[in-house]
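Observations on the model geometry
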Amino acid sequence: MFKITVLPGDGVGPEVIAGALRVLEAVRKRTGAKFELREAPFGGSAYDQTGTPLPEETLRLCLDSDAVLLGAVGGPKWDSLPVQQRPEAGALLPLRKKLEVFANIRPSTVFPSLADASTLKREVVEGLDLVVVRELTGGLYFGEKRREELPGGGCRVVETLEYTTGEIERVARVAFELARRRRGKLTSVDKANVLESSRLWREVVSGLAAQYPDVELNHMLVDNCAMQLVRNPKQFDVLLTENMFGDILSDQASQLTGSIGMLPSASLGGRVGLYEPIHGSAPDIAGRDVANPIASILSAAMMLRYSLRMDEAAGLVERAVNDVLQEGYRTADIMQPGMHRVGTAEMASLIAERI
Ligand code: NAD
């Protein structure tokens, strides 16, 4: 029996997670899969209930799970709290750290019926299906930082970018394994013409290639990659890169698909995987049954595939999402002329029914 901890969180979090749970229930009925779902308080709502955004019991449940499914956290109500009590700094970042999830995986998939929702031309994005694997716990964001006053006025800042062979190798393995289960193509992105860290990155990734003869590896400089992502994104299958490059490129890649309400993510590496939509708590639309639940539903599909190893069940969910979109159902963020507009709960029910 798989144990899944569910953290609905704040804002639209509980609404979209309710949709994902409805879909998981349909998967359970259809496939007989065995999993136990335990909900726990997390984020601003947990702070309101217990005085801390990450209660000890919630953390204990997460660490004792096979996977964690998260909605979103944060909102203006908690913005003026001291940093450690705020939902993101006090709950989300510590949870990622405790779960030791060093590989962030973000697919960018364009559903055929939504090819016109992208800001790029239909022929550029139609059929797009790529995944960015971003190193999540090292590099410039975690290195030593310092600021010094200069005697003549002004300041000097120093930021350090550190990676070890081991840190590069473990995230590269995640990317090779993923590429092997997809179309077998891996592009490692770096800035090896300028940065020593990138030269080590390239050496380590190249060194692993012999262990994955079924994966075709190529290297690309990050500036070229940014250009290629908007010029011809369909050339990519799996993109692997370090923390800061990945932060920027994964947002760029996500926008190829249209709405933020469509995009799931997985953070892997530790024993327990963390699955969440890429969007935040959307306080501007919370409580109105208008948020798109598909990012959460597809996050649940990623959970089925990567943590529970239920590839078939994940495929069922993805196909159900595709079918409902093909039939013309749309939430407000992806609404197009002539389509049927539905709310959060109805969209989730339609997807669950197709399963
Ligand atoms: P956001 O992602 O919440 O919203 C950005 C825009 O996208 C808004 O217009 C929102 O209405 C829309 N949107 C988001 N999700 C949607 C959905 N499912 N369906 C339809 N439209 C959707 O980002 P923000 O407004 O910058 O941040 C709001 C709060 O969320 C802040 O407190 C921020 O700190 C927090 N946040 C949390 C996470 C997380 O929990 N992982 C991530 C980002 C932001």
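Structure shown above.
It should be emphasised that the depicted structure is a prediction, and the values quoted were computed from it without experimental measurement.

Quick word on the pattern of salt bridges
- Using the criterion set out here, one finds 27 salt bridges in the structure.
- Of the charged contacts in the structure, one is a salt bridge between Asp129 and Arg183, with a shortest N-O distance of 3.6 Å. Here the residue Asp129 occupies a position in strand E5 (residues 129-135), and Arg183 occupies one in the loop between helix H6 (165-181) and strand E8 (185-190), the gap between them amounting to 54 residues.
- Given a relative accessible area of 29%, Asp129 falls into the partly exposed group.
- Of the residues examined, Arg183 reaches a relative accessible area of 47% and is grouped as partly exposed.
- A salt bridge links Arg156 to Glu148, with the shortest nitrogen-to-oxygen separation between them at 3.2 Å.
- Note on Arg156: relative accessible area 41%, which makes it partly exposed.

Some remarks on helix H9 (residues 243-255)
- Taking 1.5 Å per residue as the helical rise, H9 with its 13 residues ought to reach 18 Å, and the 19 Å between its terminal C-alpha atoms agrees with that figure.
- Listed as buried for H9 are Asn243, Phe245, Gly246, Leu249, Ser250, Ala253 and Ser254. The arc that holds every buried residue of H9, seen down its axis, measures 145 degrees, which confines them to one face.
- Summarising the contacts, the buried residues of H9 are in contact with strand E4 (103-109), E5, E8, helix H7 (196-209), helix H8 (222-231) and strand E10 (238-241).
- Two or three places before Met244, at the opening of H9, Glu242 has a side-chain oxygen 3.0 Å from that residue's backbone nitrogen.

A word on the sheet that holds strand E9 (residues 216-221)
- Ordered by their spatial adjacency, ten strands build an open sheet running E2-E1-E3-E12-E11-E4-E5-E10-E8-E9, and the pairing between neighbours is mixed. This sheet does not close on itself; its edge strands, each paired only once, are strand E2 (35-39) and E9. The mean angle between the axes of side-by-side strands here comes to 20 degrees, regardless of whether they run parallel or antiparallel.
- Here three bridges tie strand E3 (residues 67-72) to strand E12 (residues 273-277), and the two strands are oriented parallel to one another. The residue of E12 that forms the bridge with Ala67 is Gly273.
- Each of strand E1 (2-9), E2 and E3 touches helix H1 (residues 13-31); the most contacted strand, E3, lies at about 140 degrees to it.

The rules behind the values
- Residues numbered from 1 in each chain as written.
- Predicted model: local features only at pLDDT ≥ 70, side-chain atom pairs only at ≥ 80, totals over all residues.
- Heavy atoms only, no water.
- Salt bridge = Lys/Arg side-chain N within 4 Å of Asp/Glu carboxyl O.
- Helix = DSSP H or I, 4+ residues; strand = E, 2+ residues; numbered from the N terminus.
- Buried < 20%, exposed > 50% of the residue type's maximum accessible area, 1.4 Å probe, protein only.
- Expected span 1.5 Å × (residues − 1).
- Arc of directions from axis to C-beta.
- Contact = heavy atoms within 4.5 Å.
- Polar contact = N/O pair within 3.5 Å; in protein donor to acceptor, adjacent residues only side chain to side chain.
- Pairing = 2+ DSSP bridges.
- Axes fitted to C-alpha atoms, helices over the stretch in contact; angles between N-to-C directions.

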